[in-house]
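A structural walkthrough
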Amino acid sequence: EEEFKWLLQEEVHAVLRQLQDILKEASHRFSLPTSGSGGAFKQENFVLSTSSTDQVKGVMTLQGDALCQADVNLKMPRNNQLLHFAFREDKQWKLQQIQDARNHVNQAIYLLMNRDVNYQFKTGLEVLKLMDAVMLQLSRARNRLTTPATLTLPEIASSGLTKMFTPALPPDILVNFYINLNKLCLTVYQLHMLQPSTTKNFKPAGGSVSHNPGATFEFGSQRYEVSHVHKVECVVPWLNDALVFFTVSLQLCQQLKDKISIFSSYWNYRPY
(Lines give C-alpha, C1' and ligand atoms only; values in the text may rest on other atoms or scores of the structure.)
Protein backbone atom coordinates (compact mmCIF):
# COMPACT_ATOMS: atom_id res chain seq x y z
CA GLU A 1 0.00 0.00 0.00
CA GLU A 2 2.90 2.37 0.76
CA GLU A 3 4.30 1.65 -2.70
CA PHE A 4 0.98 2.51 -4.26
CA LYS A 5 0.79 5.77 -2.29
CA TRP A 6 4.31 6.64 -3.46
CA LEU A 7 3.28 5.87 -7.04
CA LEU A 8 0.26 8.20 -6.78
CA GLN A 9 2.10 11.02 -5.02
CA GLU A 10 5.54 10.92 -6.65
CA GLU A 11 5.84 8.88 -9.82
CA VAL A 12 2.57 10.07 -11.35
CA HIS A 13 3.68 13.70 -11.04
CA ALA A 14 7.10 12.85 -12.49
CA VAL A 15 5.39 11.37 -15.55
CA LEU A 16 3.02 14.35 -15.83
CA ARG A 17 5.98 16.74 -15.82
CA GLN A 18 7.70 14.65 -18.49
CA LEU A 19 4.53 14.67 -20.62
CA GLN A 20 4.17 18.44 -20.25
CA ASP A 21 7.77 18.98 -21.38
CA ILE A 22 7.33 16.75 -24.44
CA LEU A 23 3.99 18.27 -25.44
CA LYS A 24 5.25 21.83 -25.02
CA GLU A 25 8.01 20.92 -27.47
CA ALA A 26 5.34 19.55 -29.82
CA SER A 27 3.28 22.74 -29.45
CA HIS A 28 6.34 24.87 -30.22
CA ARG A 29 6.81 22.96 -33.49
CA PHE A 30 3.39 24.14 -34.63
CA SER A 31 4.13 27.77 -33.75
CA LEU A 32 7.70 28.28 -35.01
CA PRO A 33 7.79 31.96 -33.97
CA THR A 34 10.51 34.11 -35.51
CA SER A 35 12.96 35.57 -33.02
CA GLY A 36 12.00 39.02 -31.78
CA SER A 37 8.86 39.16 -33.88
CA GLY A 38 6.29 39.28 -31.11
CA GLY A 39 4.91 35.82 -31.85
CA ALA A 40 4.69 36.03 -35.65
CA PHE A 41 5.11 32.69 -37.41
CA LYS A 42 8.23 31.96 -39.43
CA GLN A 43 7.78 31.56 -43.18
CA GLU A 44 9.17 28.36 -44.69
CA ASN A 45 9.48 27.58 -48.40
CA PHE A 46 8.91 24.06 -49.72
CA VAL A 47 9.38 22.67 -53.22
CA LEU A 48 6.67 20.18 -54.18
CA SER A 49 7.65 17.59 -56.73
CA THR A 50 7.57 13.89 -57.51
CA SER A 51 10.16 11.55 -58.96
CA SER A 52 7.70 9.96 -61.39
CA THR A 53 6.64 13.00 -63.42
CA ASP A 54 7.44 16.64 -64.05
CA GLN A 55 3.87 17.52 -65.09
CA VAL A 56 3.38 19.59 -61.92
CA LYS A 57 5.89 21.55 -59.87
CA GLY A 58 5.18 23.95 -57.06
CA VAL A 59 6.80 26.18 -54.48
CA MET A 60 4.75 26.73 -51.33
CA THR A 61 5.33 29.12 -48.44
CA LEU A 62 4.00 27.79 -45.14
CA GLN A 63 3.53 30.14 -42.19
CA GLY A 64 2.24 28.30 -39.15
CA ASP A 65 -1.05 26.71 -40.23
CA ALA A 66 -1.46 28.84 -43.37
CA LEU A 67 -0.19 28.59 -46.92
CA CYS A 68 0.60 32.25 -47.58
CA GLN A 69 2.15 31.84 -51.05
CA ALA A 70 1.87 29.21 -53.78
CA ASP A 71 3.40 29.08 -57.24
CA VAL A 72 2.32 26.15 -59.40
CA ASN A 73 3.53 25.19 -62.89
CA LEU A 74 1.38 22.70 -64.81
CA LYS A 75 2.38 21.09 -68.09
CA MET A 76 -0.75 20.11 -69.99
CA PRO A 77 -0.33 16.56 -71.36
CA ARG A 78 -2.39 17.18 -74.50
CA ASN A 79 -0.25 19.95 -76.00
CA ASN A 80 2.64 20.39 -73.50
CA GLN A 81 1.38 23.91 -72.87
CA LEU A 82 2.84 25.30 -69.62
CA LEU A 83 0.39 26.99 -67.27
CA HIS A 84 1.45 29.05 -64.24
CA PHE A 85 -0.74 29.93 -61.25
CA ALA A 86 0.09 31.80 -58.03
CA PHE A 87 -1.86 32.83 -54.94
CA ARG A 88 -3.24 36.34 -55.04
CA GLU A 89 -1.22 38.59 -52.73
CA ASP A 90 -4.23 39.25 -50.49
CA LYS A 91 -5.01 35.55 -49.95
CA GLN A 92 -3.88 32.81 -47.55
CA TRP A 93 -5.14 29.24 -47.32
CA LYS A 94 -5.64 27.86 -43.82
CA LEU A 95 -4.64 24.22 -43.36
CA GLN A 96 -7.35 23.16 -40.92
CA GLN A 97 -5.54 19.89 -40.13
CA ILE A 98 -2.56 21.74 -38.63
CA GLN A 99 -4.80 24.16 -36.74
CA ASP A 100 -6.86 21.32 -35.25
CA ALA A 101 -3.81 19.22 -34.33
CA ARG A 102 -2.26 22.19 -32.49
CA ASN A 103 -5.53 22.83 -30.62
CA HIS A 104 -5.67 19.20 -29.45
CA VAL A 105 -2.04 19.34 -28.23
CA ASN A 106 -2.76 22.52 -26.28
CA GLN A 107 -5.87 20.92 -24.78
CA ALA A 108 -3.74 17.95 -23.60
CA ILE A 109 -1.24 20.38 -22.02
CA TYR A 110 -4.12 22.19 -20.28
CA LEU A 111 -5.38 18.90 -18.79
CA LEU A 112 -1.90 18.10 -17.44
CA MET A 113 -1.34 21.59 -15.99
CA ASN A 114 -4.62 21.33 -14.09
CA ARG A 115 -2.94 18.66 -11.95
CA ASP A 116 0.07 20.57 -10.67
CA VAL A 117 2.73 19.20 -8.31
CA ASN A 118 0.62 20.03 -5.21
CA TYR A 119 -2.37 18.08 -6.43
CA GLN A 120 -3.00 14.89 -4.43
CA PHE A 121 -4.28 11.93 -6.43
CA LYS A 122 -6.51 9.83 -4.15
CA THR A 123 -7.15 6.77 -6.35
CA GLY A 124 -5.76 4.94 -9.34
CA LEU A 125 -9.05 5.53 -11.13
CA GLU A 126 -8.43 9.28 -11.02
CA VAL A 127 -5.07 8.84 -12.77
CA LEU A 128 -6.54 6.48 -15.35
CA LYS A 129 -9.27 8.98 -16.21
CA LEU A 130 -6.70 11.75 -16.65
CA MET A 131 -4.52 9.56 -18.87
CA ASP A 132 -7.54 8.57 -20.97
CA ALA A 133 -8.48 12.24 -21.45
CA VAL A 134 -4.90 13.20 -22.44
CA MET A 135 -4.58 10.18 -24.77
CA LEU A 136 -7.87 11.11 -26.46
CA GLN A 137 -6.54 14.59 -27.30
CA LEU A 138 -3.20 13.18 -28.51
CA SER A 139 -4.92 10.56 -30.67
CA ARG A 140 -7.12 13.25 -32.19
CA ALA A 141 -4.07 15.45 -32.86
CA ARG A 142 -2.27 12.59 -34.58
CA ASN A 143 -5.35 11.54 -36.55
CA ARG A 144 -5.80 15.05 -37.93
CA LEU A 145 -2.34 14.81 -39.52
CA THR A 146 -2.53 11.16 -40.60
CA THR A 147 -6.10 11.18 -41.96
CA PRO A 148 -6.83 13.89 -44.57
CA ALA A 149 -10.45 14.86 -45.14
CA THR A 150 -12.43 12.95 -47.76
CA LEU A 151 -13.97 15.39 -50.23
CA THR A 152 -16.23 14.97 -53.22
CA LEU A 153 -15.13 16.59 -56.47
CA PRO A 154 -17.97 19.20 -56.30
CA GLU A 155 -16.74 20.10 -52.78
CA ILE A 156 -13.23 20.65 -54.17
CA ALA A 157 -14.66 22.64 -57.10
CA SER A 158 -16.67 24.92 -54.79
CA SER A 159 -13.98 25.38 -52.11
CA GLY A 160 -12.47 28.81 -51.58
CA LEU A 161 -9.14 27.44 -52.80
CA THR A 162 -10.27 27.73 -56.42
CA LYS A 163 -10.67 31.52 -55.95
CA MET A 164 -7.14 31.97 -54.55
CA PHE A 165 -5.18 32.02 -57.79
CA THR A 166 -4.10 34.60 -60.31
CA PRO A 167 -4.61 34.11 -63.17
CA ALA A 168 -7.87 32.36 -62.31
CA LEU A 169 -7.86 28.57 -62.66
CA PRO A 170 -9.45 27.43 -65.93
CA PRO A 171 -12.73 25.49 -65.52
CA ASP A 172 -11.04 22.19 -66.43
CA ILE A 173 -8.50 22.36 -63.53
CA LEU A 174 -9.13 21.56 -59.84
CA VAL A 175 -6.55 21.70 -57.04
CA ASN A 176 -6.49 20.48 -53.44
CA PHE A 177 -3.90 20.94 -50.67
CA TYR A 178 -3.76 18.70 -47.60
CA ILE A 179 -1.47 17.21 -44.96
CA ASN A 180 -0.73 13.49 -44.98
CA LEU A 181 1.46 12.38 -42.04
CA ASN A 182 4.56 14.61 -42.28
CA LYS A 183 3.94 15.75 -45.87
CA LEU A 184 2.35 18.75 -47.52
CA CYS A 185 0.52 17.45 -50.60
CA LEU A 186 -0.93 19.07 -53.70
CA THR A 187 -3.26 17.21 -56.06
CA VAL A 188 -4.12 18.70 -59.45
CA TYR A 189 -7.09 17.29 -61.39
CA GLN A 190 -7.48 17.86 -65.12
CA LEU A 191 -11.04 17.46 -66.36
CA HIS A 192 -12.90 17.11 -69.59
CA MET A 193 -16.53 18.01 -70.08
CA LEU A 194 -18.96 15.19 -70.81
CA GLN A 195 -21.43 15.65 -73.63
CA PRO A 196 -25.08 15.15 -72.66
CA SER A 197 -25.31 12.23 -75.11
CA THR A 198 -22.54 10.32 -73.28
CA THR A 199 -23.92 10.59 -69.75
CA LYS A 200 -26.53 7.86 -69.91
CA ASN A 201 -24.70 5.75 -67.29
CA PHE A 202 -23.43 8.78 -65.35
CA LYS A 203 -22.57 7.93 -61.72
CA PRO A 204 -21.00 10.72 -59.61
CA ALA A 205 -17.92 9.81 -57.56
CA GLY A 206 -18.26 9.90 -53.77
CA GLY A 207 -15.91 11.40 -51.23
CA SER A 208 -12.22 10.51 -51.30
CA VAL A 209 -8.83 11.87 -50.21
CA SER A 210 -7.65 11.49 -53.81
CA HIS A 211 -9.80 10.76 -56.85
CA ASN A 212 -8.65 8.62 -59.78
CA PRO A 213 -8.87 9.23 -63.54
CA GLY A 214 -12.32 8.27 -64.78
CA ALA A 215 -14.14 9.72 -61.76
CA THR A 216 -17.19 11.72 -62.82
CA PHE A 217 -19.14 14.51 -61.15
CA GLU A 218 -21.63 17.27 -61.80
CA PHE A 219 -20.95 20.91 -60.96
CA GLY A 220 -23.34 23.67 -61.87
CA SER A 221 -25.21 22.34 -64.87
CA GLN A 222 -22.15 20.66 -66.40
CA ARG A 223 -20.90 17.10 -66.04
CA TYR A 224 -17.17 16.32 -65.93
CA GLU A 225 -14.81 13.38 -65.95
CA VAL A 226 -11.31 13.40 -64.41
CA SER A 227 -8.83 12.79 -67.24
CA HIS A 228 -5.48 13.21 -65.41
CA VAL A 229 -4.40 13.33 -61.77
CA HIS A 230 -1.06 14.78 -60.68
CA LYS A 231 0.20 14.52 -57.10
CA VAL A 232 3.23 16.33 -55.73
CA GLU A 233 4.40 16.54 -52.13
CA CYS A 234 7.24 17.48 -49.79
CA VAL A 235 8.27 16.56 -46.25
CA VAL A 236 7.68 19.19 -43.55
CA PRO A 237 10.35 18.30 -40.93
CA TRP A 238 8.58 19.83 -37.93
CA LEU A 239 5.42 17.80 -38.65
CA ASN A 240 7.61 14.71 -38.45
CA ASP A 241 8.92 15.92 -35.06
CA ALA A 242 5.36 16.48 -33.82
CA LEU A 243 4.27 12.96 -34.83
CA VAL A 244 7.26 11.48 -32.95
CA PHE A 245 6.34 13.53 -29.84
CA PHE A 246 2.74 12.25 -30.06
CA THR A 247 3.92 8.62 -30.24
CA VAL A 248 6.32 8.99 -27.29
CA SER A 249 3.66 10.76 -25.19
CA LEU A 250 1.02 8.11 -25.92
CA GLN A 251 3.50 5.40 -24.90
CA LEU A 252 4.25 7.20 -21.61
CA CYS A 253 0.53 7.54 -20.87
CA GLN A 254 -0.04 3.85 -21.57
CA GLN A 255 2.91 2.76 -19.40
CA LEU A 256 1.56 4.77 -16.47
CA LYS A 257 -1.92 3.33 -17.02
CA ASP A 258 -0.48 -0.20 -16.99
CA LYS A 259 1.36 0.42 -13.69
CA ILE A 260 -1.72 1.91 -12.05
CA SER A 261 -3.89 -0.96 -13.28
CA ILE A 262 -1.53 -3.59 -11.84
CA PHE A 263 -1.47 -1.91 -8.43
CA SER A 264 -5.20 -1.19 -8.51
CA SER A 265 -6.14 -4.79 -9.20
CA TYR A 266 -3.65 -6.05 -6.64
CA TRP A 267 -4.95 -3.78 -3.87
CA ASN A 268 -8.53 -4.11 -5.05
CA TYR A 269 -8.65 -0.46 -6.17
CA ARG A 270 -10.44 -1.54 -9.30
CA PRO A 271 -10.60 1.08 -12.04
CA TYR A 272 -13.76 -0.30 -13.64
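Presented here is a report on the structure given in the accompanying data block. The numbers attached to residues start from 1 for each chain and follow its sequence in the written order. Two thresholds apply to this predicted model, a pLDDT of at least 70 for residue-level local features and 80 or more for giving and counting side-chain atom pairs, whereas whole-chain, interface and lining totals are computed over all residues. The basis for every side-chain value is the complete set of heavy atoms in the structure, and neither hydrogens nor water enter the calculation.

Quick word on the pattern of salt bridges
To keep things clear, this is the line we draw: For this document, the term salt bridge refers to a Lys or Arg side-chain nitrogen within 4 Å of an Asp or Glu carboxyl oxygen. Starting at the N terminus, helices and strands are each numbered in turn, a helix being any DSSP run of H or I of at least four residues and a strand any DSSP run of E of at least two. Exposure is judged per residue with a 1.4 Å probe applied to protein chains only, and the accessible area is read against the type maximum: over 50% gives exposed, under 20% gives buried, and values in between give partly exposed.
Inspection of every chain in the model, using the stated rule, returns ten salt bridges. Residue Lys-94 pairs with Asp-65 through a salt bridge whose shortest N-O separation is 3.0 Å. Taken together, the positions of Lys-94 in strand 5 (residues 93-94) and Asp-65 in the loop between strand 2 (56-63) and strand 3 (66-75) put the pair 29 residues apart, joining distant regions of the chain. The partly exposed category is assigned to Lys-94, whose relative accessible area is 45%. Overall, the relative accessible area of 2% leaves Asp-65 in the buried class. Between Glu-218 and Arg-223 there is a salt bridge, and its shortest N-O distance comes to 3.4 Å. For Glu-218, a relative accessible area of 35% puts it in the partly exposed group. For Arg-223, a relative accessible area of 26% puts it in the partly exposed group. Salt bridges here are not isolated pairs; linked through shared partners, they connect Glu-25, Arg-29 and Asp-241.

With respect to the side chain of Thr-61
So the rule is basically this: In this description, contact between two residues means that some pair of their heavy atoms is separated by no more than 4.5 Å.
Within the secondary structure layout, Thr-61 lies in strand 2. Here Thr-61 falls in the buried class, since its relative accessible area comes to 3%. Excluding anything up to four places from it in sequence, Thr-61 contacts Gln-43, Glu-44, Asn-45, Ala-66, Leu-67, Cys-68 and Gln-69.

Points about the nonpolar core
Our working rule: We define the nonpolar core as a collection of buried residues of types Ala, Val, Leu, Ile, Met, Phe, Trp, Tyr and Cys that are connected through side-chain atoms lying within 4.5 Å of one another.
Counting residues in each nonpolar core, the largest one holds 65 residues, and the members touching the most others are Phe-30, Phe-165, Phe-177, Leu-186 and Phe-246. When residues of this core are assigned to their parent elements, the largest contribution, eleven residues, is made by helix 5 (residues 237-266). Excluding anything up to four places from it in sequence, Leu-186 contacts Leu-48, Val-56, Met-60, Val-72, Val-175, Asn-176, Phe-177, His-230, Lys-231 and Val-232. Counting ten residues, the second-largest nonpolar core is a separate cluster that includes Ala-157, Leu-174, Leu-191 and Phe-217.

With respect to the pairing of strand 2
As a reminder, the rule being used: Only strands joined by at least two bridges in the DSSP assignment are considered to pair.
Pairing between strand 1 (residues 43-48) and strand 2: six bridges, direction antiparallel. Residue pairing in the sheet places Asn-45 in a bridge with Thr-61 of strand 2. Here eight bridges tie strand 2 to strand 3, and the two strands are oriented antiparallel to one another. The residue of strand 3 that forms the bridge with Val-59 is Asp-71. Connecting the antiparallel pair strand 2 and strand 3 is a turn made up of two residues, with Gly-64 showing a positive phi of about 65 degrees.

Quick look at the environment of Asp-90
Using the following cut-off: N or O atoms within 3.5 Å of each other form a polar contact, as long as, within protein, one can give a hydrogen and the other can take it, and as long as residues adjacent in sequence are counted only when both atoms are side-chain atoms.
Structurally, Asp-90 is set in the loop between strand 4 (82-87) and strand 5. In this structure the C-alpha to C-alpha distance between Asp-90 and Cys-68, which are 22 residues apart in sequence, comes to 9.0 Å. Here Arg-88 takes part through its side chain, which lies 3.0 Å from a polar atom of the side chain of Asp-90.

Comments concerning the packing of aromatic side chains
Put simply, the test is: Ring pairs shown here join Phe, Tyr and Trp side chains whose ring centres sit within 6.5 Å, with only the six-membered ring taken for Trp; geometry is labelled stacked below 30 degrees between planes, edge-to-face above 60, and tilted in between. Remark: a charge is flagged as sitting over a ring if the NZ atom of Lys or the CZ atom of Arg is within 6 Å of the ring centre and within 35 degrees of the ring normal.
Under the counting rule described, the total for this entry stands at seven aromatic pairs. Note on Phe-30 and Trp-238: the rings are 5.6 Å apart at their centroids and 75 degrees apart in plane angle, and the pair reads as edge-to-face. Of this pair, Phe-30 sits in helix 1 (residues 2-31) while Trp-238 sits in helix 5, placing them 208 residues apart in sequence. The exposure class assigned to Phe-30 is buried, which follows from its relative accessible area of 0%. Members of the aromatic cluster, connected to one another through ring pairs, are Phe-85, Phe-87, Phe-165 and Phe-177. Over the ring of Tyr-119 we find Arg-115, and its NZ or CZ is 4.9 Å from the ring centre.

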